[in-house]
Amino acid sequence: MNHVSPINRQDLQKLERHLKACTNLFEELAAHEYPPEKTNVLLDSFMNQIETACISMRKIVEHVRPRVPAWKPGSTTFHAKTIYGNVVLLDNGWLHIHLNTLLPHYKILGGTQYIEDSITRLLHTFTADGGQLPFFDRAFLAIEEHCDVSCCEAFDSDNKGYKAVINALKGRVFADDNQFELSLGLFTVCEPANCCDIYVLPYENVPEFFYWRQSL
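Each chain carries its own residue numbering, running from 1 in the direction its sequence is written. Under the rules for a predicted model, residues below a pLDDT of 70 receive no local features and side-chain atom pairs below 80 are neither given nor counted, while totals for whole chains, interfaces and linings still include all residues. Side-chain numbers come from the whole structure's heavy atoms, not from hydrogens or water.

A. Molecular detail of the overall build of the protein chain. Secondary structure summary: the protein chain contains 5 helices and 5 strands in total. Secondary structure is summarised from DSSP: a helix means a run of H or I of at least four residues, a strand means a run of E of at least two, and numbering begins at the N terminus for each. Listing the helices and strands of the protein chain from first to last along the sequence gives α-α-β-β-α-β-α-β-β-α. Buried residues are those whose accessible area, probed at 1.4 Å on protein chains only, stays under 20% of the maximum for their type, while exposed residues exceed 50% and partly exposed ones sit between those limits. Across the 216 residues of the protein chain, 38% fall into the buried class. Pairs at least 24 residues apart make up 77% of the contacts formed inside the protein chain by residues separated by at least 6 positions. Residues count as neighbours in contact if any of their non-hydrogen atoms are within 4.5 Å of one another.

B. The arrangement of the pattern of salt bridges in detail. One side-chain nitrogen of Lys or Arg within 4 Å of one carboxyl oxygen of Asp or Glu is enough to make a salt bridge. Enumeration according to the criterion identifies 5 salt bridges in this entry. For Glu 16, the salt bridge is made with Lys 20, and the minimal N-O distance between the two is 3.5 Å. Taken together, the positions of Glu 16 and Lys 20, both in helix α1 (residues 9-31) and 4 residues apart, correspond to about one turn of that helix. Between Arg 213 and Glu 144 there is a salt bridge; the shortest N-O distance is 2.6 Å. Of this pair, Arg 213 sits in helix α5 (residues 206-214) while Glu 144 sits in strand β3 (residues 139-147), and the two are 69 residues apart along the sequence. With relative accessibility at 5%, the residue Glu 144 sits in the buried group.

C. Quick look at the environment of Leu 123. Checked against the element boundaries, Leu 123 lands in helix α3 (residues 111-128). Taking relative accessible area as the criterion, Leu 123 reaches 0% and is therefore assigned buried. Measuring from C-alpha to C-alpha, the distance between Leu 123 and Ile 97 comes to 8.8 Å, with 26 residues separating the pair along the chain. Those residues in contact with Leu 123, other than ones at most four positions away along the chain, are Val 87, Leu 95, Ile 97, Leu 133, Ala 168, Leu 169 and Arg 172.

D. Region of the structure containing the packing of aromatic side chains. We call Phe, Tyr and Trp rings a pair once their centres come within 6.5 Å, taking the six-membered ring for Trp, and we label the pair stacked below 30 degrees between planes, edge-to-face above 60, and tilted otherwise. In the structure shown here, the tally under the stated rule is 11 aromatic pairs. Both rings, one in Tyr 199 and one in Phe 209, keep their centres 5.8 Å apart while their planes meet at 55°; by these two values the pair is tilted. With Tyr 199 in strand β5 (residues 195-202) and Phe 209 in helix α5, this residue pair connects regions lying 10 residues apart in the sequence. Owing to a relative accessible area of 6%, Tyr 199 belongs among the buried residues under this scheme. Take Phe 209: its relative accessible area is 1%, and that puts it in the buried class.

E. Main features of unusual backbone geometry. One non-glycine residue, Asn 194, lies in the positive phi region at around 55°. Assignment of secondary structure puts Asn 194 in the loop between β4 (182-190) and β5. Taking relative accessible area as the criterion, Asn 194 reaches 35% and is therefore assigned partly exposed.

F. Examining the pairing of β3 more closely. Most of β3 is tucked away: 9 of the 9 residues are buried. Covered by surrounding structure in β3 are Ala 139, Leu 141, Ile 143, Glu 145 and Cys 147 together with Phe 140, Ala 142, Glu 144 and His 146, the residues of both alternating faces. Two strands pair under a simple rule: DSSP has to find at least two bridges between them. Bridge count for β3 against β4 is 9 bridges, and the pairing is parallel. Bridge assignment links His 146 to a residue of β4, and that residue is Val 189.

G. Structural detail: the side chain of Lys 160. The residue Lys 160 is located in the loop between β3 and α4 (163-169) in this model. We call two N or O atoms a polar contact when they sit within 3.5 Å, provided that within protein one can donate a hydrogen and the other can accept it, with sequence-adjacent residues counted only if both atoms are side-chain atoms. A distance of 2.7 Å separates the side chain of Lys 160 from the side chain of Glu 145, its partner in a polar contact.

Structure (structure tokens):
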């Protein structure tokens with residue numbers, strides 16, 4: 001029988017505080033009609049509490065989840081797909097990260113922290129499963145959002161939380177994010193998919209990347 005680690009009391013209390021804050025903010029938003037400025041502040045606070053609670057829960061689950069035996073052909077044990085995305089090293093050496101969400105507005109508290117945490121965990125899982133991350137002396141980072149006007153809150157590129165993506169990759173896929181070591185491209189595909197595809201490739205492969213995008 002697999003040993004189950006006890007849940008740390010302080011971690012539970014921290015999670016409980018965030019969940020209670022979520023409940024209070026939800027009830028306040030549902031019960032009152034505020035001016036737009038205050039409504040936006042409450043919504044940002046609500047989002048921050050939800051995102052932080054999610055990250056706290058991830059840490060608790062990592063600590064207490066019992067190990068599952070490795071899957072074997074014919075086994076009835078199944079492994080769930082990570083709900084927030086996946087990582088693939090393409091045949092051409094490009095790193096592809098898929099997120100099942102859009103980039104948040106950079107002013108939303110906690111939203112960018114959630115993105116950075118998700119990518120960090122995906123990369124950790126990828127390497128823990130035997131994957132080898134590429135490392136580029138000079139990299140091109142392409143972030144492609146799939147969304148339409150009705151589901152997008154931040155339209156200006158400088159308002160999107162793309163720095164969370166860079167921070168999660170810096171030091172693991174490229175050394176630094178200065179202009180001599182990293183170039184950045186932000187793209188949008190107009191469709192109601194509400195997801196984000198991230199590609200990291202050598203800078204010299206940029207022409208191939210644009211040719212590939214144009215052919216889709």
